[in-house]
Structures are given as structure tokens and as C-alpha cells.
Amino acid sequence: MKIKLLAIGKTDNKQLQLLIDEYQNRLKHYVKFELEIILDIKNVKNLSEAQQKEKEGELILSKLQPTDQLVLLDDKGKQHTSVEFSQYLQKKMNSGIKQLVLVIGGPYGFSEAVYQKAQGKLSLSKMTFSHQMIRLFIVEQVYRGFTILRNEPYHHE
């Protein structure tokens, strides 16, 4: 299985990007992982929230293959402990899917078309974090999940 993380907009914080790169590099030992950035939509000041979500949704859906399993990072999604998340990853691998696509949406969330295409929603917290920080958190949690599955000493209960 391959894991792809789709995110809207570049990370402009160099320190966050260094940490994201660090965990991406660590993940190479466990799984094929790719972070793909969808560039910000231009002239968003001229668009309503709904129009912006629609345009972002079209871009997200254009990045998917027919066999991909789409899971949205959404504040209304299911929350897991790190151990539960590792078990979630294991179930996805056991199911035989080729690619799990995790998506971090834009500032207003996802379009209805993206919600309809999704096979699930995950929430990292009830709190709100910047979209840039969520990238780091999910990449670290994927890494943590694989270290848990391999009984490596990274995670402590």
C-alpha cells in the first residue's frame, strides 16, 4: 500500500517544513509515502466560500485514481488514539488497497463532491490547528503508527 497526503497550499514556515521532511524521510523505511501540494487558488478574494470549496474540490478529485481510497482529515471525523490509528493503518494494508489518500482541505473544508467521494473521515483533535501544522501532525502520526506496528521504541504508553 502507498499513502499519499494531499494538502492545499504551500507550507511557508521553514521550521515546520523541516520537521515534515524529517518524518517523511523516516517513513521511507516503512511505507511508500508521498506529500503532494495542491497550489492555492488564485484570486480567492473574488470567490465565495462555496466557490472556493468547489474549485479546491475539483483539484482534489483530479488527483485521485479510480482505485484510491479517500479519507478526509476533518474536524467531524473519527478520532483515534495512536495505537488505534496504527491498527487502522494495518486494516487498510490488509484490505489490499493500492493507495490510501489522506486529504487536508482548504480553510473552509471540503466541497460536497469531495465528501461524497470519501470513504472516511479522520479527526486529529477537537481543537483547531493551522492547515500547515496538521501536515506535520499527520505525517508524524503515520510514522508513529508504523513504529507501533513494528513494536519499535518510539511510542510509549
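Where an unreviewed UniProt entry is consulted, the chain appears under the name Ribosomal RNA large subunit methyltransferase H, with the organism given as Tenacibaculum gallaicum. UniProt annotates the chain under Sequence similarities (unreviewed entry) with the comment "Belongs to the RNA methyltransferase RlmH family." One UniProt comment on the chain, placed under Subunit (unreviewed entry), says "Homodimer."

Caption draft 1: Broad picture of unusual backbone geometry. Of note, N151 is a non-glycine position whose phi angle comes to about 55°, a positive value. Residue N151 is classed as exposed on the basis of its relative accessible area of 71%.

Caption draft 2: Representation of helix 2 (residues 49-62) in the model. End to end, helix 2 covers 20 Å across 14 residues, agreeing with the expected 20 Å (1.5 Å per residue, within 8%). Where helix 2 is buried, its residues meet strand 1 (2-8), strand 2 (32-38), strand 4 (99-104) and helix 4 (112-117).

Caption draft 3: Region of the structure containing the UniProt feature "binding site: S-adenosyl-L-methionine" (unreviewed entry) in the chain. UniProt records the feature "binding site: S-adenosyl-L-methionine" (unreviewed entry) at L73, G105, L124, S125, K126, M127, T128 and F129, using the numbering of this structure. On the secondary structure map, M127 appears in the loop between strand 5 (120-122) and helix 5 (131-149). Judged by relative accessible area, M127 falls into the exposed class, the value being 58%.

Caption draft 4: How the structure looks around the packing of aromatic side chains. All chains considered together, the criterion is met by seven aromatic pairs. Measuring from ring centre to ring centre gives 5.9 Å for F85 and Y88, while their planes differ by 15°; the resulting arrangement is stacked. You can see F85 and its partner Y88 sitting in helix 3 (residues 82-94), three residues apart, about one turn around the helix. Their ring planes at 80° and their centres at 5.7 Å tell us that F110 and Y115 sit as a pair that is edge-to-face. Overall, the relative accessible area of 29% leaves Y115 in the partly exposed class. One aromatic cluster in this structure is built from Y23, Y30, Y143, F146 and Y154.

Caption draft 5: Representation of the packing of helix 1 (residues 14-27) against helix 5 within the structure. For the pair helix 1 and helix 5, the least separation of the axes is 9 Å and the interaxial angle reads 25°. Comparing their axes, helix 5 and helix 1 come out roughly parallel. As for how helix 1 packs across helix 5, the hand of that crossing is left-handed. Residue-level contacts link L16, L19, I20, Y23, Q24, R26 and L27 of helix 1 to Q132, M133, R135, L136, V139, E140, V142, Y143 and F146 of helix 5. The residue inventory of the contact of helix 1 with helix 5, partitioned by class, reads 11 nonpolar, two polar and three charged.

Caption draft 6: Broad picture of the pairing of strand 3 (residues 69-78). Within strand 3, seven of the 10 residues are buried, which leaves the element mostly enclosed by the surrounding structure. Pairing of strand 3 with strand 4 involves five bridges; the strand directions are parallel. Counterpart to V71 in the pairing with strand 4 is L102. Crossover connection from strand 3 via helix 3 to parallel strand 4: handedness right-handed. By the bridge criterion, four bridges tie strand 3 to strand 5 in an arrangement that is parallel. By the bridge assignment for strand 5, V71 is matched with G120.

Rules of the game
- Residues numbered from 1 in each chain as written.
- Predicted model: local features only at pLDDT ≥ 70, side-chain atom pairs only at ≥ 80, totals over all residues.
- Heavy atoms only, no water.
- UniProt positions renumbered as here; feature names shortened; annotations may be inferred.
- Buried < 20%, exposed > 50% of the residue type's maximum accessible area, 1.4 Å probe, protein only.
- Helix = DSSP H or I, 4+ residues; strand = E, 2+ residues; numbered from the N terminus.
- Expected span 1.5 Å × (residues − 1).
- Contact = heavy atoms within 4.5 Å.
- Phe/Tyr/Trp six-rings, centres within 6.5 Å; stacked < 30°, edge-to-face > 60°.
- Axes fitted to C-alpha atoms, helices over the stretch in contact; angles between N-to-C directions.
- Parallel < 35°, antiparallel > 145°, perpendicular 65-115°, else oblique.
- Left-handed = near helix turned anticlockwise from the far one by under 90°.
- Nonpolar A, V, L, I, M, F, W, Y, C, P; charged D, E, K, R; others polar.
- Pairing = 2+ DSSP bridges.
- Right-handed = clockwise from strand over helix to strand, strands pointing away.

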